Amino acid sequence: YQEALHEYEQAKEVLYALYGSNHLALSVVKMNLGNVYQHLGHYELSLRCHQDSLDVKKKFLGDKNIEVATSLGNMASVYERLGRLDEAMDMFRMCLEIQMVKQNGRSLEVARTLRGMGGV
């Protein structure tokens, strides 16, 4: 994960230099950084990255986009790891709400979110 972290940090710097802090491509890198930080047990850093990614996605894609749901689900998982179960459940609910509308309640993502909710 350390190598992945290094590569994503480099990608973030390049994208930031090219586009500034508010570009959709940067949100993907920040989401990936959040996932790596989570695997490394750096949960607060993970949350910050996922929140940054979520903010950019909402700005460019709107509040009800499936990519927004992905970020909400990622944040829910981190909150769960931190033992912040109420916040995890809130994030899972927001994620599921989007998925139910955008994916008609029938997708692998919906199943994953329901499984995550069951674990909280």
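What comes next concerns the included structure. (Residues numbered from 1 in each chain as written. Predicted model: local features only at pLDDT ≥ 70, side-chain atom pairs only at ≥ 80, totals over all residues. Heavy atoms only, no water.)

## Describing a nonpolar patch on the surface
Together, V14, L18 and Y19 line one region of the surface with nonpolar side chains, adding up to about 320 Å² of accessible area. If you trace the backbone, V14 turns up in helix α1 (residues 2-19). Looking at V14, the relative accessible area reads 49%, which means it is partly exposed. (Patch = residues over 30% accessible without salt bridge, like charges linked within 9 Å, V, L, I, M, F, W, Y side chains within 5 Å. Areas by Shrake-Rupley, 256 points an atom, 1.4 Å probe, with all protein chains shown as cover. Salt bridge = Lys/Arg side-chain N within 4 Å of Asp/Glu carboxyl O. Helix = DSSP H or I, 4+ residues; strand = E, 2+ residues; numbered from the N terminus. Buried < 20%, exposed > 50% of the residue type's maximum accessible area, 1.4 Å probe, protein only.)

## What to know about the pattern of salt bridges
The final tally for this structure, using the stated rule, is 7 salt bridges. Here K30 and D52 are joined by a salt bridge, their closest N and O atoms 3.5 Å apart. Of this pair, K30 sits in helix α2 (residues 24-39) while D52 sits in helix α3 (residues 43-61); the two residues are 22 residues apart in sequence, bridging distant segments of the chain. Among the residues examined, K30 registers a relative accessible area of 15% and is labelled buried.

## Here's the deal with unusual backbone geometry
You will see that N104, though not glycine, has its phi angle at about 55°, which is positive. Here N104 is to be found in the loop between α5 (85-102) and α6 (108-119). We classify N104 as exposed; its relative accessible area is 63%.

## Considerations on the nonpolar core
Counting 18 residues, the largest nonpolar core has L72, M75, Y79 and M91 as its most contacted members. Setting aside anything within four residues of it in sequence, one finds Y79 in contact with L47, R84, E87, A88 and M91. Ranked by size, the runner-up nonpolar core spans 8 residues in total, among them L5, L15, V29 and V36. (Core = buried A, V, L, I, M, F, W, Y, C linked by side-chain atoms within 4.5 Å. Contact = heavy atoms within 4.5 Å.)

## Re α6
Each full turn of the α-helix corresponds to 3.6 residues, which orients residues three or four apart in the same direction. A rise of 1.5 Å per residue sets the reference length of α6, with its 12 residues, at 16 Å; its end C-alpha atoms lie 17 Å apart and thus fit the reference within 8%. Buried within α6 are the following residues: V110, T113, G116 and M117. All buried residues of α6 fall inside an arc of 125° around its axis, so they share one side. In α6, the exposed residues that point more than 90 degrees away from the buried face are L108, R115, G118 and G119. If you follow the buried residues of α6, they end up packed against α4 (66-81) and α5. (Expected span 1.5 Å × (residues − 1). Arc of directions from axis to C-beta.)

Worth remembering: the numbers are spatial, not functional.
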